[in-house]
Amino acid sequence: MKNIFARLFALFGACSLVTNAFAEEVASKATQLEGSFKLIPGIILIVILVTFVMVGILNRAKDTSSYWAAGRKISPVGSGMAIASNWMSAASFLGMAAIMYGAGYHGLSYVVGWTGGYVLLLVLMASQVRRYGKYTAADFIGDRFYSKGLRGVGAVLALLISLSYCVGQFAGIGLMFKWILGIDYSTAVIVGSSVVLLYTLISGMMGVTKNMQIQYVIIIISFIIPMVMLCYKFGYNFWFPQVGYGEAVTDIVNGLPAKEGVVNSIGNSIGILPSPEFAMPFDPATGKDSFQWIAICFSLMIGTAGLPHVIQRFYVVPRARDARLSVVWGLFFICVLYWSAPLYSAFGKILSANPEIGKLNKDAIVVYAAQLANLYPPIVGLLAAGAVSAAFSTVSGLLVAGASAFSHDLYYKTLNPKASEKTQMIMARVGTILMAIIVASIALLKLALIAQLVAAAFSLAGCTIFPLFLLGIWWSGSNRAGAWAGVIVGGGISLLSIAYFIAAKQGIALPAAEFMNTYLNPWYFAWIGAPLAIIANIVVSKITGCDTPIEIKKFLATQVHGVKLEDSKQEKAELV
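Computed from a predicted structure; not experimentally measured. (Residues numbered from 1 in each chain as written. Predicted model: local features only at pLDDT ≥ 70, side-chain atom pairs only at ≥ 80, totals over all residues. Heavy atoms only, no water.)

Asks: Tell me about the overall build of the protein chain, residues and numbers included.
Replies: When its secondary structure is counted, the protein chain shows 24 helices and zero strands. Relative to its 576 residues, the protein chain shows a buried fraction of 57%. In the protein chain, the share of contacts with a sequence separation of at least 24, taken over all contacts with a separation of at least 6, comes to 82%. Surface accessibility of the protein chain: about 22,500 Å² in total, with carbon and sulfur atoms responsible for 66%. (Helix = DSSP H or I, 4+ residues; strand = E, 2+ residues; numbered from the N terminus. Buried < 20%, exposed > 50% of the residue type's maximum accessible area, 1.4 Å probe, protein only. Contact = heavy atoms within 4.5 Å. Areas by Shrake-Rupley, 256 points an atom, 1.4 Å probe, with all protein chains shown as cover.)

Asks: So what's going on with the side chain of Asn537? Which residues, and what values?
Replies: Along the chain, Asn537 falls in helix H22 (residues 526-544). The residues touching Asn537, leaving out its near neighbours within four places in the chain, are Leu468, Leu471, Ser478, Gly482, Ala483 and Gly486.

Asks: Could you give an account of the environment of Thr304, naming the residues involved and the relevant values?
Replies: Here Thr304 is to be found in helix H12 (residues 290-304). In this structure the C-alpha to C-alpha distance between Thr304 and Gly462, which are 158 residues apart in sequence, comes to 7.4 Å. Among the polar contacts listed, one links the side chain of Thr304 to the backbone oxygen of Leu300, at a separation of 2.7 Å. (Polar contact = N/O pair within 3.5 Å; in protein donor to acceptor, adjacent residues only side chain to side chain.)

Asks: Tell me about the packing of aromatic side chains, and please be specific about residues and values.
Replies: One pass over the structure, following the stated rule, counts 17 aromatic pairs. Seen in terms of ring centroids, Tyr105 and Trp293 are 6.0 Å apart; in terms of plane orientation they differ by 20°. Their pairing is stacked. Taken as a pair, Tyr105 in the loop between helix H5 (90-103) and helix H6 (108-124) and Trp293 in helix H12 lie far apart in primary sequence, 188 residues in all. Look at Tyr105 and you get partly exposed, because its relative accessible area is 30%. Between Phe291 and Tyr524, the aromatic rings sit 6.1 Å apart at their centres with planes inclined by 90°, giving edge-to-face as the arrangement. Note that Phe291 is positioned in helix H12 and Tyr524 in the loop between helix H21 (513-519) and H22, a separation of 233 residues in sequence. What links up through ring pairs into an aromatic cluster is the set Phe291, Phe515, Tyr519, Tyr524 and Trp527. Against the face of Tyr101 rests Lys349, its NZ or CZ located 5.4 Å from the ring centre. (Phe/Tyr/Trp six-rings, centres within 6.5 Å; stacked < 30°, edge-to-face > 60°. Lys NZ or Arg CZ within 6 Å of the ring centre and 35° of its normal.)

Asks: Tell me about the environment of Thr209, and please be specific about residues and values.
Replies: Checked against the element boundaries, Thr209 lands in helix H10 (residues 185-233). Classification of Thr209 as buried rests on a relative accessible area of 0%. Distance in space between the C-alpha atoms of Thr209 and Gly56 is 9.3 Å, their sequence separation being 153 residues.

Asks: Account for the packing of helix H11 (residues 241-254) against helix H15 (residues 341-351), naming residues and giving values.
Replies: Helix-helix packing: each pair is described by the crossing angle between the helix axes and the interaxial distance. Between H11 and H15, the least distance of the axes is 9 Å, while the angle of their chain directions is 35°. For the element pair H11 and H15, the recorded crossing hand is left-handed. Contact with H11, carried on its side by Pro241, Tyr245, Ala248, Val249 and Ile252, involves Pro342, Leu343, Ala346, Lys349 and Ile350 of H15 and no other residues of that element. Residue composition of the contact of H11 with H15, grouped by class: nine nonpolar, no polar and one charged. (Axes fitted to C-alpha atoms, helices over the stretch in contact; angles between N-to-C directions. Left-handed = near helix turned anticlockwise from the far one by under 90°. Nonpolar A, V, L, I, M, F, W, Y, C, P; charged D, E, K, R; others polar.)

Pasting the structure below:
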């Protein structure tokens with residue numbers, strides 16, 4: 001017995017030495033992402049990565065139905081957790097705090113826009129999309145608008161949106177792997193993308209969905225525990241941190257005098273000069289105004305309702321009612337994190353206020369806040385692991401959505417309808433690998449903040465896929481010609497905005513660049529692109545005549561909207 005206790009004490013002593021050593025390292029390098037391998041966060045990271053791979057192996061896809069739609073066997077609560085996990089990407093876990101840390105209240109436009117988008121999905125699309133009964137967004141577009149060409153365009157759009165969205169996630173993975181493993185950013189991106197690619201290739205949608213449920217638990221635990229500790233340590237309401245951080249915002253606005261004995265991890269007194277602009281709705285000093293705030297909200301809302309990997313989640317549940325319930329559960333799970341994210345921006349602002357700290361990487365402010373607060377090292381490691389889980393959960397969903405578009409919609413439905421199931425599975429995995437390589441290459445360029453890179457994907461989805469789903473579900477008069485017109489207009493505006501953005505990054509001055517940056521910024525060009533695409537669809541559909549096949553009209557009425565035609569002569573006449 002004495003030997004057992006002696007060994008336990010020796011083990012405890014060794015753990016204490018490791019923890020203290022790591023604590024000293026964190027204190028000395030609290031404002032750096034570079035450095036050596038960090039043992040405790042490294043162990044946590046390796047454990048969760050091995051877990052993800054094992055779950056993928058145990059739930060690996062055996063056929064195309066499992067790879068694309070998880071066999072339609074996921075429960076509403078499980079699907080809701082997967083939706084939340086899939087949604088709470090690096091842009092949510094890291095990016096929202098980064099935007100608010102840099103722009104204050106203006107950053108809340110991202111929170112409002114992304115959350116509001118799920119309300120649109122709940123009201124307009126969730127159960128209707130599931131009743132239509134396809135596998136992918138392009139599948140719906142091709143069938144609803146009876147066009148192989150539009151199916152191909154839908155698949156290409158799904159790939160482009162997934163690529164754009166993925167870039168931000170890979171950037172987040174690179175940042176966290178860089179911090180934990182002590183390697184350079186480029187190597188971190190390659191290592192992180194290789195791991196997520198491995199278990200996505202093995203598992204498909206079934207294993208990815210199971211992993212997302214686990215990842216949600218990791219994300220929330222890793223986000224909430226440090227948040228409670230921050231509020232407790234600095235005297236704010238830790239019983240309800242989502243309210244307690246409001247006191248921190250007040251201190252930022254009014255100023256917080258330095259308190260004796262209250263310092264951050266590098267010895268600076270905690271205090272901040274009055275910064276009223278942090279809580280101003282629209283701060284002229286930063287060039288932000290009400291138009292930009294509203295444009296971002298609008299673009300993110302409709303972009304959410306047009307994201308292929310989000311729409312695809314409605315196909316994994318057994319029934320249409322389950323699709324609606326899964327959105328309700330998803331909103332609940334999402335709000336747990338979204339209501340909490342601003343706290344890290346507020347504490348980051350206070351803890352990094354001392355001029356000695358200098359300029360911090362905004363995208364890592366969540367980890368910086370924990371390090372500067374000198375939280376218990378394993379907690380900081382858990383927070384970083386949560387950020388990796390957030391990025392992994394979204395990347396895996398995007399890779400499956402992109403691979404489905406490549407294999408199912410482009411290859412099988414458009415190019416080779418006679419392809420066997422085995423060939424389709426091979427093409428799905430080839431598509432997954434190609435996507436991962438392209439995304440990792442773009443992520444290495446560091447084009448913008450994580451949340452901004454993701455916002456560009458939302459604008460593209462809002463201009464192109466959202467109008468097709470909105471009119472395709474709710475107006476049977478929308479025909480093939482109208483759909484083409486909408487895609488051309490929405491795609492043209494998207495191309496114009498992105499071209500100006502790339503030109504600016506390359507130092508090329510194009511005409512009216514200032515006007516384009518203000519009104520067709522890549523983060524919110526859907527504010528005008530989506531309405532114009534919808535108008536073009538309606539006008540051209542009216543001009544060309546309502547040639548939507550009667551079978552599609554009948555299917556929309558009876559199967560999608562539940563109309564009993566035999567009981568309504570008027571509705572029969574309207575179909576004709």
